[in-house]
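One letter stands for each residue in the lines below.
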Amino acid sequence: MTDLVEKLYRERTLSKSELIELINCRDADTERLRTLAEKVRIENYGHDVYVRGLIEFSNYCKQDCRYCGIRKSNLNCERYRLSYNDIMECCDEGYKLGFRTFVLQSGEDAYFTDDRLCEIITAIKSRYPDCALTLSIGEKSFDSYKRYYDCGADRYLLRHETANKEHYQKLHPEAQSFENRMRCLNDLKRIGYQVGCGFMVGSPYQTDECLAEDLLFMKDFNPQMIGIGPFISHKDTEFDDYPDGSAELTIKLLSIIRLMLPKVLLPATTALATIDAKGREKGILAGANVVMPNLSPVLVRKKYQIYDNKICTGDESAQCALCLKQRIESIGCRIVTDRGDSKNK
Ligand code: SAM
Ligand code: FES
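Residues numbered from 1 in each chain as written. Chains lettered and ligands numbered in written order. Predicted model: local features only at pLDDT ≥ 70, side-chain atom pairs only at ≥ 80, totals over all residues. Heavy atoms only, no water.

Considering the overall build of the chain
Now for step 1: Across its full length, the chain carries 14 helices and nine strands.
Now for step 2: Scaling as 2.2 N^0.38, a compact globule of 345 residues should have a C-alpha radius of gyration of about 20 Å, and the chain matches this with 19 Å.
Now for step 3: Seen along its three principal axes, the alpha-carbon backbone of the chain occupies a region of about 55 × 45 × 40 Å.
Now for step 4: Burial statistics for the chain: of 345 residues in total, 60% are counted as buried.
Now for step 5: Considering only contacts within the chain whose residues lie at least 6 apart along the sequence, 75% involve residues at least 24 apart.
Now for step 6: Working note: accessible area of the chain is about 13,800 Å², and carbon and sulfur atoms make up 49% of it.
Now for step 7: Each charge class in the chain can be summarised by its mean position, and for the 50 positive and 52 negative side chains these summaries are 4 Å apart. (Helix = DSSP H or I, 4+ residues; strand = E, 2+ residues; numbered from the N terminus. Rg over C-alpha atoms; globule rule 2.2 N^0.38 Å. Buried < 20%, exposed > 50% of the residue type's maximum accessible area, 1.4 Å probe, protein only. Contact = heavy atoms within 4.5 Å. Areas by Shrake-Rupley, 256 points an atom, 1.4 Å probe, with all protein chains shown as cover. Lys, Arg positive; Asp, Glu negative; His and termini not counted. Charge placed at Lys NZ, Arg CZ, Asp CG, Glu CD.)

Some thoughts on the site of ligand 1
Now for step 1: Near ligand 1 you find 17 residues, and of these Y67, S106, R159, E161 and I232 are the closest.
Now for step 2: One of the backbone nitrogen or oxygen atoms of Y67 is found 3.0 Å away from a nitrogen atom of ligand 1.
Now for step 3: Between ligand 1 and I232 there is a distance of 2.7 Å, counted from a nitrogen atom to a backbone nitrogen or oxygen.
Now for step 4: Expressed as a share of its isolated accessible area of 560 Å², the protein-covered part of ligand 1 is 93%. (Near = heavy atom within 4 Å. Polar contact = N/O pair within 3.5 Å; in protein donor to acceptor, adjacent residues only side chain to side chain.)

With respect to the pairing of strand 6 (residues 194-201)
Now for step 1: Buried residues dominate strand 6, accounting for seven of its eight residues.
Now for step 2: Here strand 5 (residues 155-157) runs beside strand 6; their pairing, made up of three bridges, is parallel. Across the sheet, Y156 pairs through a bridge with V195, a residue of strand 6.
Now for step 3: As paired strands, strand 6 and strand 7 (residues 225-230) are joined by six bridges and run parallel to one another. Directly across from G198, in strand 7, lies its bridge partner G227. (Pairing = 2+ DSSP bridges.)

Some remarks on helix 2 (residues 16-24)
Think of an α-helix as turning once every 3.6 residues; residues three or four places apart then point the same way.
Now for step 1: Among the residues of helix 2, those classed as buried are E18, L19, L22 and I23. Buried residues along helix 2 cover an arc of 135° about the axis, so they all sit on one side. (Arc of directions from axis to C-beta.)

So, the pairing of strand 4 (residues 132-136)
Now for step 1: Counting buried positions along strand 4 gives five out of five residues, so the element sits mostly inside the fold.
Now for step 2: Burial of strand 4 is two-sided: the residues A132, T134 and S136 facing one way and the residues L133 and L135 facing the other way are all buried.
Now for step 3: Here strand 3 (residues 101-106) runs beside strand 4; their pairing, made up of five bridges, is parallel. Each bridged residue has a counterpart across the sheet, and for V103 the counterpart in strand 4 is T134.
Now for step 4: In this fold, the crossover linking strand 3 to strand 4 by way of helix 5 (residues 114-127) has right-handed handedness.
Now for step 5: Since strand 4 and strand 5 lie parallel, the crossover through helix 6 (residues 142-151) that links them has a hand, and here it is right-handed. (Right-handed = clockwise from strand over helix to strand, strands pointing away.)

Some remarks on the environment of S17
Now for step 1: By secondary structure assignment, the location of S17 is in helix 2.
Now for step 2: The spacing of S17 and L261 is 244 residues in sequence and 19 Å in space, taken between C-alpha atoms.

Considering the environment of V51
Now for step 1: Within the secondary structure, V51 sits in strand 1 (residues 48-51).
Now for step 2: Its relative accessible area of 6% is what places V51 among the buried residues.
Now for step 3: Spatially, the C-alpha atom of V51 lies 6.8 Å from that of I335, the residues being 284 residues apart in sequence.
Now for step 4: Setting aside residues no more than four positions away along its own chain, V51 makes contact with F99, T101, V291, P293, I335 and V336.

Let's talk about the environment of E56
Now for step 1: With respect to the helices and strands, E56 occurs in strand 2 (residues 53-58).
Now for step 2: The exposure class of E56 is buried, given its relative accessible area of 2%.
Now for step 3: In contact with E56, not counting residues within four places along its chain, are Y80, L82, Q105, N294, S296, Y304 and K310.
Now for step 4: One polar contact links E56 to N294, side chain to side chain, over a distance of 3.1 Å.
Now for step 5: A distance of 2.9 Å separates a polar atom in the side chain of E56 from a polar atom in the side chain of K310.

Re the pattern of salt bridges
Close approach of charged atoms allows side chains with opposite charge to pair.
Now for step 1: Tallied over the full model, the rule gives 33 salt bridges.
Now for step 2: Between R34 and E31 there is a salt bridge, with the nearest N and O atoms lying 3.0 Å from each other. One end of the pair is R34 and the other is E31, both in helix 3 (residues 30-45) and three residues apart, which spans about a single turn.
Now for step 3: Relative accessible area serves as the criterion here: at 42%, E31 is assigned to the partly exposed category.
Now for step 4: Notably, a salt bridge pairs R71 with E238, separated by 3.9 Å at the nearest N-O pair. (Salt bridge = Lys/Arg side-chain N within 4 Å of Asp/Glu carboxyl O.)

Focus on unusual backbone geometry
Now for step 1: For N222, which is not glycine, the phi dihedral falls at a positive 50°.
Now for step 2: Looking at the secondary structure, you find N222 in the loop between helix 9 (208-221) and strand 7.
Now for step 3: The exposure class assigned to N222 is partly exposed, which follows from its relative accessible area of 26%.
Now for step 4: Phi at N309 takes a positive value of approximately 60°, unusual for a residue other than glycine.
Now for step 5: Locating N309 in the fold gives a position in the loop between helix 13 (298-301) and helix 14 (317-329).
Now for step 6: Classification of N309 by relative accessible area gives exposed; the value is 65%.

Here's what the structure looks like:
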């Protein structure tokens, strides 16, 4: 594996079969991979870790992703949506805590029409012109994406979920197509958003070949951000007894991604911290440079349960921010009050 790690570091890519070999290999050279990824993170972003305040503003969803706890057909999910005022209050709180990026995330909720969304985007951007606004609200038309962008949305997160079409179809019902997911990602890029894609590690039916295809897709798509986290089963989905993804493999993939796309923004996700108590710290030490604590009101947090046992659902935003700051500092990094734009132009 040593040769492959050095080659990846030098050439910033590998062939599909080499990536499969690297993913499979579990020898001591994982540490070499991690050290190189950390070095590359420091070369590009120093010891700065960017924070994004995540506002989960609705768990209504018209989609039915087979792995997701808030999918339409989960009748056990207690639904909620935040009001305009609730959302603005989350931003006010976040701003006071030093957040300069807000991420509005939700299921695909028809109540939030483009007009309503544009009103919220405009209000946040005019109250906080020094902040970046990220949307993560699923698949929309080109025109809708363009309207949000014209109102001031800067970034958009839409995980591609898997770059393999057959795999995509196994994870989603027939009405949700791989082609439309890709169309969305391309539209977002064309409009000018800073785009984030990504996938779950260990999702049902995923093979090492799928993972290699994900890595090559992302290298080619060249997004500004990549979100990966372990798949975690949810009791009310058909994948309830499917094993969770591994923290170890997620961390290894973070390092591989850092070497393939040195300037990309790479979060150490809540899902990683859910399956490993030190997941965030390990993720950052392996090349990640972003954390996304929750800013949603505590009263609704438990209801945005996309997977079981999600952490930080009982803590106030201020507590989460403090806990994260201490964790990040414990590994020699620091959280910065900054929009934290990607250097991957
Ligand atoms: N509706 C938006 C979308 O489709 O992009 C945003 C919300 S969706 C819940 C955000 C991400 O959660 C998905 O892209 C998926 O990768 C992740 N997710 C869903 N179910 C999960 C699970 N069981 N384990 C880990 N991650 C999951
Ligand atoms: Fe819509 Fe998960 S199925 S957010």
